[in-house]
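Report on the structure
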Amino acid sequence: MKRTSTRLADGRDLFYYATDTDTDTDPGTDDGAPRAFPDTRPLGPAPARATEVRRDPLLGDAVVIASHRQDRTYHPPADACPLCPSTPDRASEIPAPDYEVAVFENRFPSLAGATGRCEVICFTPDHRTSFAELDEERAALVLAAWTDRTGELSAREGVRQVYCFENRGAEIGVTLGHPHGQIYAFPFVTARTTRMLATVAEHRARTGGNLFDEVLAAERAEGTRVVLEAEHWTAFVPYAARWPYEVHLYPHHRVPDLPALGDAARTEFPGVYLELLRRFDRLFDRPDPTPYIAAWHQAPEGEGRADFALHLELFTVRRTVDKLKYLAGTESGMEAYMNDVRPEDAAARLREVASR
């Protein structure tokens, strides 16, 4: 993997990642790294963002207030997409005429400055495709970019947790149709991770064992909810799944985060993950892709790292071919989830739509 660092016209960071840059559109540099094309847009310095982190006095949860995001780019036409490569007639957020994977600081960040950082990761220059349609080499490069950004952001002062994720589909709330994800560097440990850490710590104190290891071992042994099992990874529908179709993907060797992932698991991941995404697209008899959220759960800095297990959670809000799962009164009001699909049935369906 080769990385080139540059800056956009307003001072935001931009990183190009490449495996092979010997192309007609971007011959790269002498050492094989992608070329850094200048951003010619007349942008002034990025404005200071009034991002604020507040604590709920009853729950203790952190809530980010980012009112400037009301003005962010919203469903632009495909020929005005800010994530496509720049052309002579239109400059985008990515000045290069072509790229493999690109990461840049979000122009409308939820977290900025002392309150963290938000980055956008573009998986491909092709506006019309999706992650599921990438080849394994490109998926491996995305994994390398996630890993690189996790390591670099984790080392920044004030960052407590790095979260790599992808939202896909208008039903999820995506405002840009280009295949992309996001990387958040939180200045706090998120509420979900805090609860996981507390449960795992209590289990360790009570039994001496690791709860993540035991959950994975139990799912592999029982087998009913296992969707896909490879040499170094297992994907399963959790016993108490919150979403109609929800899959958790674990490496067999427990590590706290992406930088700690071993070479064998890293090599096998692209094929496993692409197969999962393709199965999600075959779940429903519809011409449009299945909306989903894919979320990497990584250990925070300086807390619970010895017991935490890196894993990816993938789920869709679609519950049938023409119905969505809405987080209504019980879920949104009380965080009490009601699932209309038995996890065992969801797992069976995800096995049924495996690649032939």
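Below is a summary of the structure that appears in this document. (Residues numbered from 1 in each chain as written. Predicted model: local features only at pLDDT ≥ 70, side-chain atom pairs only at ≥ 80, totals over all residues. Heavy atoms only, no water.)

**Some remarks on the overall build of the protein chain**
Looking only at helices and strands, the protein chain has six helices and 15 strands in total. Taking 21 Å as the expected radius of gyration for a compact globule of 356 residues, we find that the protein chain reaches 21 Å, a close match to that expectation. For the protein chain, the C-alpha atoms occupy an extent of roughly 60 × 50 × 40 Å along the three principal directions. A buried classification covers 51% of the 356 residues belonging to the protein chain. Residue pairs in contact within the protein chain that sit at least 24 positions apart in sequence constitute 64% of those at least 6 positions apart. Carbon and sulfur atoms provide 51% of the accessible area of the protein chain, an area that totals close to 16,700 Å². Taking the 42 positively charged and 56 negatively charged side chains of the protein chain as two groups, their mean positions are separated by 4 Å. (Helix = DSSP H or I, 4+ residues; strand = E, 2+ residues; numbered from the N terminus. Rg over C-alpha atoms; globule rule 2.2 N^0.38 Å. Buried < 20%, exposed > 50% of the residue type's maximum accessible area, 1.4 Å probe, protein only. Contact = heavy atoms within 4.5 Å. Areas by Shrake-Rupley, 256 points an atom, 1.4 Å probe, with all protein chains shown as cover. Lys, Arg positive; Asp, Glu negative; His and termini not counted. Charge placed at Lys NZ, Arg CZ, Asp CG, Glu CD.)

**Brief notes about the nonpolar core**
Formed by 53 residues in total, the largest nonpolar core has its most connected members in Ile121, Phe131, Trp146 and Trp296. Element by element, the count of residues in this core is highest for helix H4 (residues 263-281), at eight residues. For Ile121, the contacting residues outside a window of four places in its chain are Val101, Ala102, Val103, Val142, Ala145, Trp146, His180, Gly181, Gln182 and Ile183. By size, the runner-up hydrophobic cluster in this structure holds 15 residues, among which are Leu8, Leu14, Cys84 and Phe104. (Core = buried A, V, L, I, M, F, W, Y, C linked by side-chain atoms within 4.5 Å.)

**Brief notes about the packing of aromatic side chains**
Scanning the model with the defined rule gives 20 aromatic pairs in all. Geometrically, the ring pair formed by Phe165 and Tyr184 is edge-to-face, given 5.3 Å between the ring centres and 80 degrees between the ring planes. Residue Phe165 is found in strand E7 (residues 161-168), and its partner Tyr184 is found in strand E8 (residues 180-186); the two are separated by 19 residues along the sequence. One exposure class covers both Phe165 and Tyr184, and it is buried. Among the aromatic side chains, those forming a connected cluster through ring pairs are Phe123, Phe131, Trp146, Trp233, Phe269, Tyr273 and Trp296. The lysine or arginine in question, Arg149, covers the ring of Phe15, its NZ or CZ lying 4.1 Å from the ring centre. Looking at Arg242, its charged tip hangs above the ring of Tyr337, at a distance of 5.4 Å from the centre. (Phe/Tyr/Trp six-rings, centres within 6.5 Å; stacked < 30°, edge-to-face > 60°. Lys NZ or Arg CZ within 6 Å of the ring centre and 35° of its normal.)

**Digging into the environment of His232**
For His232, the position within the fold is in the loop between strand E9 (226-229) and strand E10 (233-236). In the structure, His232 is positioned 36 residues away from Glu268 in sequence and 7.1 Å away in space, judged by C-alpha atoms. Setting aside chain neighbours within four positions, we find His232 in contact with Tyr250, Pro251, His252, Ala264, Ala265 and Glu268.

**Notes on the environment of Pro187**
Tracing the backbone through its elements, the reader meets Pro187 in the loop between E8 and helix H2 (191-207). Residue classification places Pro187 among the partly exposed residues on the basis of a relative accessible area of 23%. Separated by 71 residues in the primary sequence, Pro187 and Gly116 place their C-alpha atoms 5.2 Å from one another. Discounting residues that sit within four places of it in the chain, Pro187 has contacts with Val53, Leu111, Ala114, Thr115, Gly116, Gly158 and Arg160.

**Let's talk about helix H3 (residues 211-222)**
Between its terminal C-alpha atoms H3 stretches 16 Å, which fits the 16 Å expected from 12 residues at 1.5 Å a residue. Turning to H3, its buried residues are Phe212, Leu216 and Glu219. In a view along the axis of H3, the buried residues occupy a sector of 65 degrees, so they form one face of it. In this structure, the buried residues of H3 make contact with H2, E9, E10, strand E11 (245-251) and strand E13 (311-316). Its side-chain oxygen at 3.0 Å from the backbone nitrogen of Phe212, Asn210 defines the N-terminal cap of H3. One or two positions beyond H3, positive phi appears at Gly223, with a value near 85 degrees. (Expected span 1.5 Å × (residues − 1). Arc of directions from axis to C-beta. Polar contact = N/O pair within 3.5 Å; in protein donor to acceptor, adjacent residues only side chain to side chain.)

**Re the sheet that holds E11**
On the basis of which strands lie adjacent, the open sheet formed by 11 strands has the order E1-E2-E5-E6-E8-E7-E12-E13-E11-E10-E9 and antiparallel pairing. Each edge of the open sheet carries a strand with a single partner, namely strand E1 (2-7) and E9. Looking at each pair of strands side by side, their axes are set apart by 20 degrees on average, direction ignored. Here E7 pairs with strand E12 (residues 292-297) via four bridges, running antiparallel. Opposite Glu166, over in E12, you have Ala294 as the bridge partner. (Pairing = 2+ DSSP bridges. Axes fitted to C-alpha atoms, helices over the stretch in contact; angles between N-to-C directions.)

**Concerning the side chain of His180**
Topologically, His180 is positioned in strand E8. On the basis of relative accessibility, which here comes to 11%, the residue His180 falls in the buried class. Only 2.6 Å separates the side chain of His180 from the backbone oxygen of His178, close enough to count as a polar contact. When residues no more than four places from it in sequence are discounted, the contact partners of His180 are Leu83, Val120, Ile121, Cys122, Phe123, Glu166, Asn167 and Val174.

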